[in-house]
Amino acid sequence: MGNSHRSHKVADRIKVVVAQLLETKIKDPRLGFVTVTDARVTGDLQNASIFYTVLGNEEERAATAAALESAKGVIRSAVGKDLGTRITPSLEFILDGLPESAKALDTLLERVHQLDAEVAKARENAKPVVEDAYKVPRIKIEE
């Protein structure tokens, strides 16, 4: 994806326009509770990837994906009118894996907290092997 300043500005504008369209104009009953999380545009402004999340189960995600695919032409037309660029980018909607990643990370953090609690519990009654691990032992040499 492009790293130019212009492509970032266009991507931000596309993100706003698509979010507003989904909220106000697109009235497809299959469309669930959608949040547009990110938009990325290629350096030549020909293609745009729009990342979204859907609140709900797998069926609602599939229905929302179908609704977005069927409304792609209307959305692209509105994006083209709003941007005012010579070329209107083709749109691709991608389901963002952010919620699943966050859930997996939360699960891992919970496991780490459990292991830390086990280590702290084991440490309560632990005694050191030697009095001072940093103390150099004195060796008595008898002559």
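All of these numbers come straight from a predicted model, not from anything done at the bench.

Got a sec to walk through the packing of aromatic side chains? Specific residues and values, please.
Taken as a whole, this structure holds one aromatic pair when the rule is applied. Ring centres 6.5 Å apart and planes at 70° place the aromatic pair Y52 and F93 in the edge-to-face group. Residue Y52 is located in strand β2 (residues 47–55), and its partner F93 is located in strand β3 (residues 90–95); the two are separated by 41 residues in the primary sequence.

With reference to specific residues and values, describe helix α3 (residues 72–83).
For an α-helix the count is 3.6 residues per turn, leaving residues at separations of three or four pointing the same way. A rise of 1.5 Å per residue sets the reference length of α3, with its twelve residues, at 16 Å; its end C-alpha atoms lie 16 Å apart and thus fit the reference within 8%. I75, V79, G80 and L83 are the residues of α3 that are buried. Projected down its long axis, α3 shows its buried positions confined to an angular sector of 135°, all on one face. Exposed side chains of α3 directed beyond 90 degrees from the buried face belong to V74 and K81. In this structure, the buried residues of α3 make contact with α1 (5–24) and β3. Two residues or fewer past α3, G84 is found with a positive phi of approximately 70°.

Explain the pairing of strand β1 (residues 33–41) to me, and be specific about the residues and the numbers.
Sheet topology places β1 next to β2; eight bridges connect them, and they run antiparallel. Looking across to β2, one finds that D38 is bridged to F51. The turn joining β1 and β2, which pair antiparallel and follow one another in sequence, is formed by five residues; a positive phi near 60° is taken by L45.

Quick rundown of a nonpolar patch on the surface? Include the residues and the values.
Together, L105, L108 and L109 make up a nonpolar patch on the protein surface, roughly 300 Å² of accessible area in all. Mapped onto the elements of the fold, L108 is located in helix α4 (residues 98–124).

Requested: an account of the pairing of β2, with residues and values cited.
In terms of burial, β2 is a largely internal element, seven of the nine residues being buried. When β2 meets β3, the two strands line up parallel, connected through six bridges. Within β3, the position partnered with I50 by the bridge is F93.

Give a description of the pattern of salt bridges that names residues and reports values.
In the structure shown here, the tally under the stated rule is five salt bridges. Of the charged contacts in the structure, one is a salt bridge between R30 and D28, with a shortest N-O distance of 2.8 Å. Its relative accessible area of 38% is what places R30 among the partly exposed residues. The shortest N-O distance in the salt bridge between R61 and E58 comes to 3.4 Å. With R61 and E58 both in helix α2 (residues 58–70), this residue pair falls three residues apart, about one helical turn.

What counts and what doesn't
- Residues numbered from 1 in each chain as written.
- Predicted model: local features only at pLDDT ≥ 70, side-chain atom pairs only at ≥ 80, totals over all residues.
- Heavy atoms only, no water.
- Phe/Tyr/Trp six-rings, centres within 6.5 Å; stacked < 30°, edge-to-face > 60°.
- Helix = DSSP H or I, 4+ residues; strand = E, 2+ residues; numbered from the N terminus.
- Expected span 1.5 Å × (residues − 1).
- Buried < 20%, exposed > 50% of the residue type's maximum accessible area, 1.4 Å probe, protein only.
- Arc of directions from axis to C-beta.
- Contact = heavy atoms within 4.5 Å.
- Pairing = 2+ DSSP bridges.
- Patch = residues over 30% accessible without salt bridge, like charges linked within 9 Å, V, L, I, M, F, W, Y side chains within 5 Å.
- Areas by Shrake-Rupley, 256 points an atom, 1.4 Å probe, with all protein chains shown as cover.
- Salt bridge = Lys/Arg side-chain N within 4 Å of Asp/Glu carboxyl O.

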